[in-house]
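Residue-level structural notes
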Amino acid sequence: MIERFHPEGFPAPAVPLSHATKAGGFVFVSGQVATDEDNKIFIGDFTREVESTLDNVEAVLAAAGARPDQIVKIGAFLSNAILFAPFNEVYRRRFPEAPPARTTVVVNFGHPDVRVEIEAIAYVG
């Protein structure tokens, strides 16, 4: 069975996707970006941008019945290689023990204010 999830309070995606899809024992979270209290792209401190992005990943996971400690793989996309160090600082705090597998790549985003996007795969059994 395949289920699709859209967290309450999240705006509808601007592009054709589900925020999360659950298939078998896995939850696949579509790429999330940082948003402010009005659900607009967050512009400002990069550390806060990463925190907000991870908060959004966690909210999508929760809507699908998953927890952050069930994440098995993270895909992280950064707009500039210079952001690796501050990204790693936040990541280390959020996943202090046994962090999930991760791939981090530098990309050119279509939105000029986006500097980080994070997708996740969680195993819920």
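Owing to the predicted nature of the structure, the values given are computational and were not obtained by experimental measurement. (Residues numbered from 1 in each chain as written. Predicted model: local features only at pLDDT ≥ 70, side-chain atom pairs only at ≥ 80, totals over all residues. Heavy atoms only, no water.)

1. Concerning the sheet that holds strand β5 (residues 101–106)
Operational definition: We treat two strands as partners when DSSP finds at least two bridges between them. Helix and strand assignments come from DSSP, with helices taken as H or I runs of at least 4 residues and strands as E runs of at least 2, each series counted from the N terminus. Comment: axis = line fitted to C-alpha atoms, over the contacting stretch for helices; angle = value between 0 and 180 degrees taken between N-to-C directions.
If you walk across this open sheet you meet the six strands as β1-β2-β3-β6-β4-β5, and the pairing is mixed. Here the strands that pair on one side only, and so sit at the sheet edges, are β1 (2–5) and β5. Across this sheet, the average inter-strand angle for adjacent strands is 10 degrees, counted without regard to direction. Here strand β2 (residues 20–23) runs beside strand β3 (residues 26–32); their pairing, made up of four bridges, is antiparallel. Paired with Ala-20 across the strands is Val-29, a residue of β3.

2. A word on the layout of surface pockets
Stated precisely, the cut-off is as follows: Here a cavity is any set of points on a 1 Å grid over the protein atoms alone where a 1.4 Å probe fits but cannot get out, and a pocket is any open set with protein on both sides within 12 Å along at least 5 of 7 lines; a residue lines the site when it has an atom within 4 Å of a point. Grid points are joined across faces, edges and corners, and a volume is the space filled by probe spheres set on the points.
In this structure, the largest pocket spans a volume of roughly 550 Å³. Surrounding the largest pocket, 21 residues form its lining, Pro-13, Ala-14, His-19, Gly-31 and Val-33 being those nearest its centre.

3. Topic: helix α1 (residues 46–63)
What counts is decided by this rule: Here the expected length of a helix is defined as 1.5 Å per residue gap, with one fewer gap than residues. For the exposure calls, accessible area comes from a 1.4 Å probe over protein chains only, and a residue counts as buried if that area is under 20% of its type's maximum, exposed if over 50%, partly exposed in between. Any pair of residues with heavy atoms lying within 4.5 Å of one another is described as a contacting pair. Any pair of nitrogen or oxygen atoms within 3.5 Å is treated as a polar contact; in protein, a donor-acceptor pairing is required on top of that, and neighbouring residues in sequence qualify only through side-chain atoms on both sides.
For α1, spanning 18 residues, the distance from its first C-alpha to its last is 26 Å, which sits close to the expected 26 Å at 1.5 Å a residue. Of all the residues in α1, the buried ones are Phe-46, Glu-49, Val-50, Glu-51, Ser-52, Thr-53, Leu-54, Asn-56, Val-57, Val-60 and Leu-61. Looking at the buried positions of α1, the neighbouring elements they touch are β2, β3, β4 (71–78), α2 (84–94) and β6 (116–123). In this structure Asp-45 caps α1, since a side-chain oxygen of it lies 3.3 Å from the backbone nitrogen of Thr-47. Phi turns positive one or two residues past the end of α1, at Gly-65, with a value near 80 degrees.

4. A few points about the environment of Thr-47
With respect to the helices and strands, Thr-47 occurs in helix α1. As for Thr-47 and Leu-83, which are separated by 36 residues in sequence, their C-alpha atoms are 9.6 Å apart. Beyond its immediate stretch of four places on either side in the chain, Thr-47 contacts Val-90 and Arg-93.

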